[in-house]
Amino acid sequence: MSSHSPSSELVILRELLAHDPGFVSGSKLADKLGVSRVAVWQHMEKLRAQGFAFHAVRARGYRLTRRPAGLNATFVEALLHGRAQDCQLVLLDEIDSTNDEASRQLGSGREVPFVVIARRQTRGRGRFGRTWHSDKVGNIYASFGFRPLLSPERMQTFTLWMGVNVCELVSTFSKSVPGLKWPNDLLFGGRKAGGMLTEARIDSDQIRDLVFGVGLNVNAASDSWPAEIGRRATTLAEEAQAPLDLNRFTAALIDRVLAAYDQFVAGTYRENFADLWHRFDLLRGKNVAVLQGACRFAGTAAGIDDEGSLLLRDDGGRLQRFRAGEVTLEKNAS
Ligand code: BTN
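Residues numbered from 1 in each chain as written. Predicted model: local features only at pLDDT ≥ 70, side-chain atom pairs only at ≥ 80, totals over all residues. Heavy atoms only, no water.

Would you explain the packing of helix H1 (residues 8–19) against helix H3 (residues 37–49) in this entry?
Describing two packed helices takes the angle between their axes plus the distance from one axis to the other. At a closest axis distance of 9 Å, the pairing of H1 and H3 adopts a crossing angle of 85°. The angle between the axes of H1 and H3 places the two elements in the roughly perpendicular class. Only Val-40, His-43, Met-44, Lys-46 and Leu-47 of H3 make contact with H1, whose side of the interface consists of Ser-8, Glu-9, Ile-12, Leu-13 and Leu-16. Residues belonging to the contact of H1 with H3 are distributed by class as follows: 6 nonpolar, 2 polar and 2 charged. (Axes fitted to C-alpha atoms, helices over the stretch in contact; angles between N-to-C directions. Helix = DSSP H or I, 4+ residues; strand = E, 2+ residues; numbered from the N terminus. Parallel < 35°, antiparallel > 145°, perpendicular 65-115°, else oblique. Contact = heavy atoms within 4.5 Å. Nonpolar A, V, L, I, M, F, W, Y, C, P; charged D, E, K, R; others polar.)

Whenever I open this one, the sheet that holds strand E11 (residues 295–304) confuses me. Can you help?
The pairing of strands in a sheet comes from backbone hydrogen bonds and takes either a parallel or an antiparallel form. Spatially, E13-E12-E11-E10-E14 is the arrangement adopted by the 5 strands of the open sheet, whose pairing is antiparallel. The open sheet has two edge strands, strand E13 (319–322) and strand E14 (326–329), and neither has a second partner. Across the sheet, the axes of successive neighbouring strands diverge by a mean angle of 45°, strand direction being ignored. Looking at chain direction, strand E10 (residues 287–292) and E14 are connected through 4 bridges and run antiparallel. In the strand pairing of E14, Leu-291 is matched with Glu-326. (Pairing = 2+ DSSP bridges.)

Can you help me understand helix H9 (residues 246–266) in this one?
For an α-helix the count is 3.6 residues per turn, leaving residues at separations of three or four pointing the same way. Between its terminal C-alpha atoms H9 stretches 30 Å, which fits the 30 Å expected from 21 residues at 1.5 Å a residue. Sitting at the amino-terminal end of H9 is Asp-245, which places a side-chain oxygen 3.2 Å from the backbone nitrogen of Asn-247. (Expected span 1.5 Å × (residues − 1). Polar contact = N/O pair within 3.5 Å; in protein donor to acceptor, adjacent residues only side chain to side chain.)

So what exactly am I meant to see when it comes to the domain arrangement of the chain here?
Quite often, the size of an interface is put as the accessible area lost when its parts meet. Segmenting the chain into domains produces domain 1 (8–66), domain 2 (73–280) and domain 3 (287–329). When each unit is reduced to the centre of its C-alpha atoms, the spacing between domain 2 and domain 3 is 25 Å. Between domain 2 and domain 3, roughly 1,100 Å² of surface is buried when both sides are summed, and carbon and sulfur atoms account for 52% of that area. On the domain 2 side of the interface with domain 3, the three residues burying the most area are Gln-156, Lys-181 and Trp-182, jointly 59% of the side's total. Where domain 2 meets domain 3, there are 1 salt bridge. Taking the shortest distance from any N to any O, the salt bridge between Glu-326 and Arg-130 comes out at 2.8 Å. Connecting domain 2 to domain 3 are 6 residue pairs in polar contact (both at pLDDT 80 or more). A total of 3 residues in the side of domain 2 that touches domain 3 trace back to one element, the largest contributor, which is helix H10 (residues 270–280). Among the residues forming the side of domain 2 that touches domain 3, the class breakdown is 5 nonpolar, 2 polar and 4 charged. (Domains from an automatic or database assignment. Buried area = accessible area lost by both parts, 1.4 Å probe. Salt bridge = Lys/Arg side-chain N within 4 Å of Asp/Glu carboxyl O.)

What is the right way to look at the nonpolar core in this model?
Grouped together as the largest cluster of nonpolar side chains are 80 residues, with contacts concentrated most on Phe-144, Trp-161, Phe-212, Phe-249 and Ile-254. Residue contributions to this core peak at 11 residues, all from H9. Among the nonpolar cores identified, the runner-up in size contains 6 residues, and Val-90, Phe-114, Val-116 and Val-211 belong to it. (Core = buried A, V, L, I, M, F, W, Y, C linked by side-chain atoms within 4.5 Å. Buried < 20%, exposed > 50% of the residue type's maximum accessible area, 1.4 Å probe, protein only.)

How should the site of the ligand be read in this particular structure?
Around the ligand, the structure places 20 residues, and the nearest of them are Ser-97, Gln-121, Arg-125, Arg-127 and Lys-192. For the ligand, an oxygen atom lies 2.8 Å from a polar atom in the side chain of Ser-97. A distance of 2.9 Å separates a nitrogen atom of the ligand from a polar side-chain atom of Gln-121. Contact with the protein chains hides 97% of the accessible area of the ligand, taken as 420 Å² for the molecule alone. Residue assignment for the shell around the ligand shows that the elements contributing at least two residues are helix H5 (98–107), strand E5 (140–146), strand E8 (191–203) and strand E9 (206–216). (Near = heavy atom within 4 Å. Areas by Shrake-Rupley, 256 points an atom, 1.4 Å probe, with all protein chains shown as cover.)

Okay, structure coming up:
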């Protein structure tokens, strides 16, 4: 449990959002913070400098009239619920990779849970060390830091569980339903909108720390990407045919990831994991190939087993299991 106390700006913003679109009196805010009304006004000036605007009416108080369009840490924090309010948020303008930064912060003993979010990454990466293009603002590049008391074997289903949670969140937020390509790709049809990268450091039979990274193409126009990526990629805004509120979506993502993490650690996730996987599984029944180094295995995807391994039925009807590998969709015969 984190012990950090919320800033005065955060307390003010939470009050205003709780009463939105109504007014909150200056004296109520002053009482809440234990400061003078002049001090409240000074905190509101700080919020104004971040892109917020207020309507102030004598004898009624303040109400929120404008919020910053770009990512704003105070706004995201004010929108968090329950346990996610204990998650420290580190919002950076630019970093090499949020996964690398989260890993460095874990290494230097930062209290967990926390999330590192960057507006841009200069060395964003995906599986197999591939580049994750992250030079455009308006998307989400986020990495969560945890220290779970779990044995490494338990981790095989972690990214899959997180993936279905991210999918469900996206489907409620963007009103269009993505699918998961095992193990970590979030797609709409054949076009990728996001990916997840989990990295753990292990001490003998115990996890020392864990980074869960998620990249989502949200609002940055996909035509700004290199052509070969643009054809294979999409954004949540394109799918929803409207830009998403980046601050609200980011807060909802933090809420969801923290809740999903707790369910995973408690083991209660197993109650609805299979159903959720079935709902978002993009591969089931499709002809696919799994590449493992120079080896290639072809068959029909048949879901996952309890350990999260991909099941493939080969031409002879035998079921094969894959713990790792890269999946490509083949042209279906029919
Ligand atoms: C993949 O598709 O292989 C996974 C992509 C994961 C990208 C995210 S963006 C935030 C975090 N930081 C990184 O460098 N990678 C992950």
